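Close look at the chain arrangement
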Amino acid sequence: MSEETTTIEQQTEEQKPKVWKPRILGILCNWCSYAGADLAGSSRLQYPPNVRIIRVPCSGRVNPQYIFKAFQRGFEGVLVLGCHPGDCHYAKGNYYARRRLMLLKKFLPSLGIEPERFHFEWVSASEGIIFAEVIAKMTKKLEDLGPFSGVSVVQGVTQINTDAEDEHR
Amino acid sequence: MDKIVTKDNMAAWLRSLREKYEMIGPVKRPDGAPEFRDIDMMPPGIIPGGIEVALDNAAWLMPPKDYLLPPTETLFTYDEKDQAEPLKVPLAGDKPRLLLGLRACDARAIRVLDHVYLDGAFADPYYAARRKGMVMVGNVCDEARWSCFCTSVGEPVEWLKDLDAVITDIGAGFVVTANTPVGESLLDSSYLSDPSDQQMNLKVAAWDKLAAIPKRPFADKLAKDFLAWDDPIWEKYARKCLGCGICSYLCPSCSCFDIQDERVAGQIERFRCRDTCQTCYFTLMPSHNPRPEKKMRMRQRLSHKFKYQPEQFDIIGCTGCGRCVELCPVNLDIRQALAEVTPNE
Amino acid sequence: MDIQEIRNKAKRLLESGEVKVVVGYERGSTESKSTPAFIESPDDVDRLIWDATCVNNLAAYAIQEAKNGGVAIIARDCDARSIVMLVQEHQLDKDAVRVIEVPDETQWADDPALPESLEERRAFWAKEFEKCTRCYACRQACPGCFCNTCFIDRIVPRWAAKRAGASDAWMFHVTRAMHQAGRCGDCRECSRVCPVGIPVHLLAREIETFVGELFDYKAGMDMDADPVLGTFTPEDPDPNEHGG
Ligand code: SF4
Ligand code: SF4
Ligand code: SF4
Ligand code: SF4
Ligand code: SF4
Ligand code: FES
């Protein structure tokens, strides 16, 4: 596992805010939205501070596994931002990404994950304002959804145990 | 020592044992398939009125080894930031465990595992902690499944004697036979009484029936050298093998594990998990794979059970339980293979 | 379907030298089981059987057998789709493989229905994956899983530890399902072989449904078509219209 990923895991544990705030993993294309995020920062736009950002060379680099892994590790939301169609630095990366990610988004409810927990969109280098808006909107949505109990909670087990005990005695 | 318990009293007796022991036994899953699990954990409905354990020989699917060698087991953990802190080593808890519903072959499989994990200088503390104080109660199979071949690899009636107590279904009730002092303590209960001669005769008949399961044709040739791996016969079988590892993951006597480390949020954990000689990663080294082909891996599996373990521990590593025969998705039946992979005299 | 017809086809293919081996089914070690048969001589075709015990998707052997020359595979519709898919994915040379079609008469077991609510679904999968032994038989049996090194077997990066329990198993299964996009012909082998009865094929089936809805694509129908995630059109569904 790369240094970058481990650091992010660590941060999420350590920086669990006292008042509950959703944790978002943002996977951003270097050429557009990462620069957009930079712009948002340097223009001192206000946006919620609960995004951990990974920079990738292109949205085409985003493997659906990254997103699954984030949910497995308990992130409340995952965000992927790339260049607008037609503007990809590598011409086609975002078109391939679009297929995969549209599919992934549709698949999440089959797993019991609210599709709103995953968001992807096109944000260019000059769209600092849009970047800040996307984060704010997503944070709001995730706050409404509430904490994510993870992918491995077998509900009802405690309940079942108690019932079973009662029946035996 | 033998005692008799009526069918009506059976559940009450088992329930009384649960007060002292954590009881693990074969229970029927909702889909009808039996599995070994903590009887306390059963959801209501599956155990109407309490415990419904499957004491016929349908209790074969999940091997009891899960409770001696859990599919995953933490070896130690430590906190990355606090390097001075000693390793935390979890060893099994105090409450003694009672394994219920073991068949003769299951008892034998535990004997094989005992050799691997407890013999000689390399006793495994994790296994030992689970094994110590474990009470084993078994039952006599009423009939052989199509896949079983215990009598071809040994004497199941003898294997039953490794159990603390053996339950024999004689129709009107169960004869319970204690083999050990612990077994006798289980029988010390008002739910049990002394059996009549006729009941004892029925018990003996059931044990004789087990001993009389016909041997398979390969039985007389066992524990000799197999044909070399480049003999075409191996390819005949290995060709259809998917390399899925079901035959070893679900084998009650297969004992191989892998060790992995994991780091989550500053906690380092070393754990072991199952491994199987049927995948290409088994014993893979950075520059070399000693068994790159399926046929070599298949030969390894059979050799380990039928040649190496007899040499090492004087015990055949296969108990003839039939799980691999029944669960192999391509019906690669080791009984057929065994008949062909031994050189003719 | 008449078994004689299958045997005759197999015989012709072997006699003409068009293929070196026919992969079909023969009687297994008990009446209720069949086992894969590798028929290399026209004299052996009578070993082939075709009945309700013939359930394996033999496309799992296509790559292995095509290496030794031409192969003919006895295949139901779903299995034949696997073979077409393997050609599309450049795993098989289309001239190296023949399909002997057989009708799909399989007695499929009833599929469990996915619960309605999201919360119940999450619990449903957690409960199923809790049972997973991580034997990977589902992957080994699946013709769509043809990778030399599966992501789950990689050490660096390690996507999920090889530990029992729902969490790491979840990571394996949902990723595997995603990898089946445009590859799964719904043969249900993955669930059939699973020793603990996890209905894993439901995941790949969900994926295929969405692949159809989004991209009007069905796995393994056209040897010349590009794999669905290996291509795109500028007009593909876009997050902006679909509320990304
Ligand atoms: S269960 Fe069968 S297919 Fe799987 S590894 Fe064992 S022999 Fe091969
Ligand atoms: S090799 Fe097969 S028959 Fe022998 S003990 Fe293992 S699972 Fe049972
Ligand atoms: S799960 Fe994915 S990586 Fe693994 S074998 Fe299947 S397709 Fe390949
Ligand atoms: S049903 Fe399962 S085994 Fe068959 S192609 Fe789909 S994913 Fe693979
Ligand atoms: S076959 Fe079943 S038990 Fe094995 S890895 Fe697949 S789902 Fe898990
Ligand atoms: S370079 Fe930004 S999406 Fe490809």
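On a predicted model such as this, the values are computed, not experimentally measured, just so you know. (Residues numbered from 1 in each chain as written. Chains lettered and ligands numbered in written order. Predicted model: local features only at pLDDT ≥ 70, side-chain atom pairs only at ≥ 80, totals over all residues. Heavy atoms only, no water.)

Moving on: the overall build of chain A. Looking only at helices and strands, one finds six helices and four strands in chain A. For chain A, the succession of helices and strands along the chain, N to C, is α-β-α-β-α-β-α-β-α-α. Expressed as a percentage of its 169 residues, the buried residues of chain A come to 52%. Sequence separation of 24 or more characterises 80% of the internal contacts of chain A that already satisfy a separation of 6 or more. In the form shown here, chain A has an accessible surface area of approximately 7,500 Å², with 53% of it arising from carbon and sulfur atoms. (Helix = DSSP H or I, 4+ residues; strand = E, 2+ residues; numbered from the N terminus. Buried < 20%, exposed > 50% of the residue type's maximum accessible area, 1.4 Å probe, protein only. Contact = heavy atoms within 4.5 Å. Areas by Shrake-Rupley, 256 points an atom, 1.4 Å probe, with all protein chains shown as cover.)

Quick look at the overall build of chain B now. Each helix and strand counted, chain B has 12 helices and 10 strands in total. A total of 345 residues make up chain B; the buried ones form 58% of that total. Counted over contacts in chain B with a minimum sequence separation of 6, partners at least 24 positions apart contribute 75%. Taken as a whole, chain B presents about 14,600 Å² of accessible surface, with 52% of it coming from carbon and sulfur.

Here the focus is the packing of helix α4 (residues 93–111) of chain A against helix α4 (residues 118–130) of chain C. The interhelical angle for the contact between α4(A) and α4(C), taken along N-to-C directions, is 80°, at an axis separation of 7 Å. By the angle class used here, α4(A) and α4(C) are roughly perpendicular. Here A:Pro109, A:Ser110 and A:Leu111 of α4(A) come into contact with α4(C), specifically with C:Leu118, C:Arg121, C:Arg122 and C:Trp125. For the contact of α4(A) with α4(C), the residue count by class is four nonpolar, one polar and two charged. (Axes fitted to C-alpha atoms, helices over the stretch in contact; angles between N-to-C directions. Parallel < 35°, antiparallel > 145°, perpendicular 65-115°, else oblique. Nonpolar A, V, L, I, M, F, W, Y, C, P; charged D, E, K, R; others polar.)

This paragraph deals with the site of ligand 3. The immediate surroundings of ligand 3 are formed by C:Arg139, C:Cys145, C:Cys147, C:Cys150, C:Phe151, C:Arg176, C:His179, C:Gln180 and C:Arg183. Broken down by class, the residue content of the shell around ligand 3 amounts to four nonpolar, two polar and three charged. (Near = heavy atom within 4 Å.)

Another point: helix α1 (residues 7–18) of chain B. Under the 1.5 Å per step criterion, the end-to-end length of α1(B) is 18 Å for 12 residues, consistent within 8% with the ideal 16 Å. Among all positions of α1(B), only B:Met10, B:Ala12, B:Trp13, B:Leu14, B:Leu17 and B:Arg18 are buried. (Expected span 1.5 Å × (residues − 1).)

Attention now moves to the interface of chain B and chain C. Tallying the contact residues gives 30 residues for chain B and 35 residues for chain C. Here chain B packs against chain C, burying approximately 2,800 Å² in sum over the two surfaces, 48% of which is carbon and sulfur. Considering only the surface of chain B that becomes buried against chain C, B:Arg239, B:Leu242 and B:Tyr281 emerge as the three largest contributors, covering 24% of it. When the shortest N-O distance is used, the salt bridge between B:Arg239 and C:Glu65 registers 2.6 Å. At the junction of chain B with chain C, the criterion picks out 20 residue pairs in polar contact (both at pLDDT 80 or more). Elements that contribute at least two residues to the side of chain B that touches chain C include exactly α9 (246–249), β9 (257–264), β10 (267–274) and α12 (334–340) of chain B. The element contributing the most residues to the side of chain B that touches chain C is β10(B), with four residues. Its residues assigned to classes, the side of chain B that touches chain C comprises 14 nonpolar, five polar and 11 charged. (Buried area = accessible area lost by both parts, 1.4 Å probe. Salt bridge = Lys/Arg side-chain N within 4 Å of Asp/Glu carboxyl O. Polar contact = N/O pair within 3.5 Å; in protein donor to acceptor, adjacent residues only side chain to side chain.)

Glancing now at the confidence of the model for chain A. A low pLDDT score tells you not to read the predicted coordinates there in detail. All names here are of chain A. Across chain A, the average pLDDT comes to 82, with 80% of residues at 70 or higher. Mean pLDDT values for the elements of chain A range from 30 in helix α6 (residues 157–168) up to 97 in α4. The model gives residues 1–11 a pLDDT under 50, and that stretch makes 20 contacts with residues more than four places away or in other chains. Residue range residues 155–169 is modelled with pLDDT below 50. Its contacts to residues more than four positions away, or to other chains, number 25 contacts. (pLDDT = per-residue confidence, 0-100.)

Residue and element names in this part refer to chain C. On the secondary structure map, cysteine 138 appears in helix α5 (residues 137–141). For the pair cysteine 138 and cysteine 190, spaced 52 residues apart in sequence, the C-alpha to C-alpha distance is 4.0 Å. Those residues within four positions of cysteine 138 in sequence are excluded, and the remaining contacts are Phe172, His173, Arg176, Cys190, Val193 and Val200.

Turning next to the packing of α4(A) against helix α8 (residues 201–215) of chain C. The geometry of α4(A) relative to α8(C) is characterised by a closest axis approach of 9 Å and an angle of 135° between their N-to-C directions. The angle between the axes of α4(A) and α8(C) places the two elements in the oblique class. Helix-helix and strand crossings are classified by hand; for α4(A) and α8(C) the assignment is right-handed. For the pair α4(A) and α8(C), contact is made by A:Arg99, A:Met102, A:Leu103, A:Lys106, A:Phe107, A:Ser110 and A:Leu111 and by C:Leu203, C:Glu206, C:Ile207, C:Phe210, C:Val211, C:Glu213, C:Leu214 and C:Phe215, respectively. (Left-handed = near helix turned anticlockwise from the far one by under 90°.)

With that out of the way, let us pick up the domain arrangement of chain B. By a widespread convention, an interface's size corresponds to the accessible area lost as its parts come together. All names here are of chain B. The domain architecture assigned to chain B consists of domain 1 (2–215) and domain 2 (221–340). Facing 44 residues of domain 1, the contacting portion of domain 2 comprises 40 residues. For the domain 1 and domain 2 pair, buried surface summed over both sides reaches about 3,600 Å², with 56% attributable to carbon and sulfur atoms. Connecting domain 1 to domain 2 are six salt bridges. One salt bridge connects arginine 272 with glutamate 73, and the closest N-O pair in it is separated by 2.9 Å. Between domain 1 and domain 2 we count 22 residue pairs in polar contact (both at pLDDT 80 or more) in total. Counting only elements with at least two residues in the side of domain 1 that touches domain 2, the list comes to β4 (72–79), α2 (104–118), α3 (125–131) and α4 (150–153). (Domains from an automatic or database assignment.)

Negative charge collects at one region of the surface, where C:Asp77, C:Glu101, C:Asp104 and C:Glu105 lie side by side. The class for C:Glu105 is partly exposed, based on a relative accessible area of 43%. (Patch = residues over 30% accessible without salt bridge, like charges linked within 9 Å, V, L, I, M, F, W, Y side chains within 5 Å. Lys, Arg positive; Asp, Glu negative; His and termini not counted. Charge placed at Lys NZ, Arg CZ, Asp CG, Glu CD.)

Here we come to the packing of aromatic side chains. As enumerated under the stated definition, the model contains 19 aromatic pairs over all chains in all. A centroid spacing of 5.9 Å and a plane angle of 90° characterise the contact between A:Phe68 and C:Trp170, whose relative ring orientation is edge-to-face. Residue A:Phe68 is found in helix α3 (residues 64–72), and its partner C:Trp170 is found in helix α6 (residues 166–179); the two belong to separate chains. Given the relative accessible area of 0%, A:Phe68 is considered buried. On the accessibility criterion, C:Trp170 (1% relative accessible area) is buried. Plain terms: the ring middles of B:Phe149 and B:Phe218 are 5.7 Å apart, the flat faces sit at 75° to each other, and that makes the pair edge-to-face. Residue B:Phe149 is found in the loop between β6 (135–139) and α4, and its partner B:Phe218 is found in the loop between α7 (197–211) and α8 (232–238); the two are separated by 69 residues along the sequence. (Phe/Tyr/Trp six-rings, centres within 6.5 Å; stacked < 30°, edge-to-face > 60°.)

With that settled, consider helix α1 (residues 3–15) of chain C. Residues and elements named next belong to chain C. In this model α1 runs 18 Å from its N-terminal to its C-terminal C-alpha over 13 residues, within 8% of the 18 Å that 1.5 Å per residue would give. Taken together, the buried positions of α1 are occupied by Ile3, Ile6, Arg7, Ala10, Leu13 and Leu14. When α1 is viewed along its axis, its buried side chains cluster within an angular range of 130° and face the same direction. With respect to the buried face of α1, the exposed residues turned more than 90 degrees away are Arg12 and Glu15. Residues of α1 that are buried sit in contact with β1 (21–27), β2 (34–39), β3 (71–75) and β4 (97–101). (Arc of directions from axis to C-beta.)

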